[in-house]
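For reference, the chains in residue letters:
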Amino acid sequence: MKGLATILMTFYLFVTVFWIANSPYLFSYGGIMIWMISIVLGFIVYKKMTGRNMIRNLMLYSNSFMLFLLIVTGLIHWTVTSMP
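All chains use their own residue numbering, which begins from 1 and follows the written sequence. Whole-chain, interface and lining totals are the exception, using all residues; otherwise, since this is a predicted model, local features are given only for residues with pLDDT of at least 70 and side-chain atom pairs are given and counted only at 80 or more. Based on all heavy atoms of the structure, the side-chain values leave hydrogens and waters out of the count.

Visitor: How do you make sense of the side chain of arginine 56 when you look at a structure like this?
Guide: Helix and strand assignments come from DSSP, with helices taken as H or I runs of at least 4 residues and strands as E runs of at least 2, each series counted from the N terminus. Note on placement: arginine 56 falls in helix α3 (residues 54-81). Throughout, a residue-residue contact means that at least one pair of heavy atoms, one from each residue, lies within 4.5 Å. Non-local contacts of arginine 56, meaning those with residues more than four positions away in its chain, are made with Tyr46, Met49 and Gly51.

Visitor: Mind showing me how you'd approach the packing of helix α1 (residues 2-20) against α3 here?
Guide: The relative placement of two packed helices comes down to the angle between their axes together with the axis-to-axis distance. Look at α1 against α3: their axes get within 10 Å of each other, and the N-to-C directions meet at 30 degrees. The angle between α1 and α3 places the two elements in the roughly parallel class. For the element pair α1 and α3, the recorded crossing hand is left-handed. Contacts from Ala5, Leu8, Met9, Tyr12, Val15, Thr16 and Trp19 of α1 reach α3 at Ile55, Leu58, Met59, Ser62, Asn63, Phe65, Met66, Leu69, Val72, Thr73 and Ile76. Simply put, an axis is a line fit to the C-alpha atoms, just over the touching stretch for a helix, and the angle between two N-to-C directions goes from 0 to 180 degrees. Every angle not falling under 35 degrees, over 145, or within 65 to 115 is termed oblique; those three ranges are roughly parallel, roughly antiparallel and roughly perpendicular. In a left-handed crossing the near helix is turned counterclockwise from the far helix by less than a right angle, and in a right-handed crossing that turn is clockwise.

Set out below in structure tokens:
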């Protein structure tokens, strides 16, 4: 599980860079779907990990941040599309 958690956290780092760069790859339909699947997978990995270790805490913080970015992205999209 620690290996998968490390891979997911690296993927989250790339998502954050793409989000800041406003990449069309991230904001396409496929990019959003992969992003949402990785968040769900991240929470599953977090639940499967046992004990109180640093990787587990980093997984929780990374997943929470990705969920926050996804919600902010949705709010930005909703605001921009509702403008006349």
